[in-house]
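Understanding the architecture of this molecule
So you can see what is in the structure, the chains are spelled out below.
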Amino acid sequence: MADKIDIGKLIDEETEKRLAIMQSPDYEFPKKAGTADWVFICLGIVISIILIVLCMTGVIV
Amino acid sequence: MSSKTDYIVQETVTGVVPMLNKERKYNFWDLFLSTSGFSIATWCYTQGAYMAEYLSFKQLLINIFCFNIIWIFIECIPIFFAVRYGIDLWVWLRSVLGIKGVAIFATVISMANFGWYGVDAQLFGSSMINLLRGFGIDLPMDIWKPILGVGCVILGTLIALGGPEIIKWTSRVLVTALLIVGAVVVVLCFTSVPLADIAAVQPHIEGSNLVRFMTSAEGSCAFAFSWSTQALVIPRLCKSESKGYWGTSLAYGVVAPFFVAAGGIMAYAMFVKTGVFESDPTNMLATLCGPGFSLLSLLMVAFANIGTQGIGSYVNCMIIKSGLPKLNYKLLVWLAAVYVSILTIWGWVMDSFGSFISMAAYIQGPIIGMTVVDYLIVKKRKLSLKSAFFMKGHDAYRFTGGFNLVGLSILVISFVTCILFVYNPLTGDILSPVFLVLTGSGYTAICGGLLYWIASLTPLKKYMLRDRNDLEIV
């Protein structure tokens with residue numbers, strides 16, 4: 001039975017159906033990332049850069 | 001009808017059809033544990049032991065954690081779109097490399113990624129032989145290492161065939177146990193050899209502080225980059241952008257480096273005890289903690305490597321499907337098993353491990369740079385999903401015969417200039433002071449991102465942003 005399915009056509013049809021659902025004004029996207037996420041990302045990167053520079057300059061050996 | 005429904009479910013979970021919000025099954029812990037299970041493997045210890053020869057204890061910890069945190073936190077930023085639209089990185093990359101460009105690079109990069117799993121299987125084989133030797137069973141390495149390695153590949157393949165649900169439950173149990181084991185290993189190392197003795201070990205490799213530090217940093221960056229093309233496949237299963245991002249980035253940026261650091265600490269402890277830097281975790285644990293501890297190392301090595309094979313196979317087959325969506329997932333998993341088995345028996349990747357990871361990172365670096373710049377600055381987080389999925393009448397990402405010549409040219413320029421002018425991983429030659437600031441891998445990512453941004457400021461912008469009138473789903 002599965003062999004009779006046109007795989008390409010099925011994928012295209014299903015994708016189109018799902019994109020139409022996502023385009024609908026009623027569709028609820030997953031909760032967005034907040035400011036706190038961006039703050040923690042930047043904080044992690046800045047602290048890491050400072051520690052790396054201290055090692056590169058021989059302050060931490 | 002039921003087989004059609006089954007097939008749709010299969011193509012959503014193990015295919016590239018976008019996953020709707022209500023279908024997501026992974027929370028933070030599921031994603032964190034699955035990704036951690038993927039990232040923990042014996043190669044972490046190998047990497048840590050290799051770096052321990054170049055650095056002091058304090059520098060080792062900073063090198064491992066800080067370079068990984070920087071690059072993982074950056075390369076995981078596009079996870080926000082992966083979760084939002086229920087798609088993976090490679091669907092977005094159709095807008096950066098072109099539809100045919102993705103088909104080619106998705107296949108090439110997955111073929112390269114599978115090299116890691118050949119290494120993983122080989123390390124599994126040698127660790128098992130060493131372990132059995134501890135119990136008085138002496139197996140010839142030449143014969144049994146590939147046989148046990150292929151066994152590891154087959155067990156991993158069975159997990160991959162089960163799909164995300166099997167991976168989720170396997171990870172919940174195994175990874176929790178492995179994290180506890182990892183913590184116990186570090187504590188035992190510190191109790192076996194005093195911390196002061198470990199901290200007093202001087203770098204074994206000669207050279208200036210900066211050269212040693214940045215040569216090790218090349219390994220850390222390449223390690224971080226190795227996850228990049230695989231990192232954005234599983235988050236599409238997650239329920240919120242924040243959980244998707246942190247579940248992935250903490251696993252790759254903190255948990256995997258923790259096991260690399262554990263490998264380094266064990267190598268220091270072994271050096272203090274025996275005067276030799278050792279990289280096989282089974283030998284290290286048996287020497288440092290006694291033969292009774294071998295059972296714990298068996299658990300650690302066996303399950304970690306099999307889990308990595310399973311999740312790695314799922315992720316990389318999904319990457320190939322992103323480029324070639326109509327391939328059958330199960331067939332692909334079995335083909336991958338055959339390919340990894342051949343790599344395991346051949347052994348070339350293991351013999352050229354350092355060069356291999358850097359060369360792979362040089363392809364992944366420009367892709368990381370371009371993806372982040374494209375997402376945040378050039379496309380400003382908006383993609384034409386209909387063009388990305390080749391819907392009729394939506395051709396923004398067909399570019400030139402299916403190839404985005406701007407993206408592909410930048411990838412080639414970054415790769416070639418790094419090998420010719422910055423750092424050649426095949427010879428180990430540092431060719432420019434740029435290496436001592438950015439590393440070779442870091443250069444490829446920054447160069448790729450910078451060139452892509454500059455190109456978007458020129459008349460090429462029109463070519464790169466053909467989709468601005470086709471943004472229907474935002």
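Computed from a predicted structure; not experimentally measured.

A closer look at the overall build of chain A
- Across its full length, chain A carries two helices and zero strands.
- Counting all 61 residues of chain A, 16% fall into the buried class.

Notes on the overall build of chain B
- Scanning chain B from N- to C-terminus turns up 22 helices and two strands.
- Computed over C-alpha atoms, the radius of gyration of chain B comes to 22 Å, within 12% of the 23 Å expected from 2.2 N^0.38 for 474 residues, which places it in the range of a compact globule.
- C-alpha extents for chain B along the principal axes are approximately 70 × 60 × 40 Å.
- Relative to its full complement of 474 residues, chain B shows a buried share of 60%.
- Nonlocal contacts in chain B, meaning residues at least 24 apart in sequence, comprise 83% of its contacts between residues at least 6 apart.

Here's the deal with the nonpolar core
Residue and element names in this part refer to chain B.
- Within the largest apolar cluster, 174 residues are counted, with the highest numbers of intra-cluster contacts made by Met266 and Ala269.
- When residues of this core are assigned to their parent elements, the largest contribution, 19 residues, is made by helix α12 (residues 241-274).
- Contact partners of methionine 266, with chain neighbours within four places excluded, come to Tyr45, Cys189, Pro281, Met284 and Leu288.

Considering helix α4 (residues 57-75) of chain B
- For α4(B), which comprises 19 residues, the first-to-last C-alpha distance of 27 Å matches the rise-based estimate of 27 Å (1.5 Å per residue) to within 8%.
- When you tally the buried positions in α4(B), you get 16 out of 19 residues, the bulk of the element.

Here's the deal with the interface of chain B and chain A
- Facing 37 residues of chain B, the contacting portion of chain A comprises 35 residues.
- Contributions of two or more residues to the side of chain B that touches chain A are made by α1 (2-13), α4, α5 (79-85), α10 (209-226), α12 and α18 (385-388) of chain B.
- Here the element with the most residues in the side of chain B that touches chain A is α4(B); it accounts for eight residues.
- Looking at the side of chain B that touches chain A residue by residue, the classes come out as 20 nonpolar, eight polar and nine charged.

Let's talk about the packing of helix α8 (residues 141-192) of chain B against helix α15 (residues 329-346) of chain B
Residue and element names in this part refer to chain B.
- Axis separation between α8 and α15 bottoms out at 9 Å; the angle between their running directions is 160°. In terms of orientation, α8 lies roughly antiparallel with respect to α15. Note on packing geometry: the crossing formed by α8 with α15 is right-handed. In contact with Pro146, Gly149, Val150, Val153, Ile154, Thr157, Ala160 and Leu161 of α8, α15 contributes Lys330, Val333, Trp334, Ala337, Val340, Ser341, Thr344 and Ile345.
- Looking at the contact of α8 with α15, its residues break down into eleven nonpolar, four polar and one charged.

Looking at the confidence of the model for chain B
- Across chain B, the average pLDDT comes to 87, with 94% of residues at 70 or higher.
- Here the predicted complex scores 0.86 on pTM and 0.90 on ipTM.

A look at unusual backbone geometry
All names here are of chain B.
- Even without a glycine there, the phi angle at arginine 381 is positive, about 65°.
- If you trace the backbone, arginine 381 turns up in the loop between α17 (353-378) and α18.
- C-beta crowding within 10 Å serves as the criterion here: with 13 such atoms nearby, arginine 381 is assigned to the partly exposed category.
- Positive phi values are uncommon outside glycine, yet phenylalanine 390 reaches one of about 55°.
- As for its placement among the helices and strands, phenylalanine 390 is situated in the loop between α18 and α19 (405-422).

Conventions we followed
Counting of residues starts from 1 at the beginning of each chain's written sequence and follows it residue by residue. Chain labels run from A onward and ligand labels from 1 onward, assigned in the order the entries are written. This being a predicted model, a pLDDT of at least 70 is required before a residue's local features are given, and a value of 80 or more before pairs of side-chain atoms are given or counted; all residues contribute to the totals for chains, interfaces and linings. Strands are runs of DSSP state E lasting at least two residues, helices are runs of H or I lasting at least four, and both sets are numbered from the N terminus onward. Here exposure depends only on C-beta density: within 10 Å of a residue's C-beta, 20 or more other C-beta atoms make it buried, 12 or fewer make it exposed, and intermediate numbers make it partly exposed, the C-beta atoms being placed from the backbone. Here the globule rule is a power law, 2.2 Å times the number of residues to the power 0.38, and the radius of gyration is based on C-alpha atoms. Once C-beta atoms have been placed from the backbone, residue pairs whose C-beta atoms lie within 7 Å are recorded as contacts. Each nonpolar core consists of buried Ala, Val, Leu, Ile, Met, Phe, Trp, Tyr and Cys residues. Their C-beta atoms, within 7 Å, join them into a set. What a helix is expected to span follows from its residue count: subtract one and scale by 1.5 Å. Nonpolar residues are Ala, Val, Leu, Ile, Met, Phe, Trp, Tyr, Cys and Pro. Charged residues are Asp, Glu, Lys and Arg, and all others, Gly as well, are polar. Where helices are involved, their axes are fitted lines through C-alpha atoms of the stretch in contact, as for all axes, and angles between N-to-C directions lie from 0 to 180°. Angle categories: roughly parallel below 35 degrees, roughly antiparallel above 145, roughly perpendicular from 65 to 115, and oblique for all the rest. Handedness of a helix crossing follows the sense of rotation of the near helix relative to the far helix, less than a right angle counterclockwise being left-handed and clockwise being right-handed. For every residue, the predictor assigns a confidence score, pLDDT, that lies between 0 and 100.

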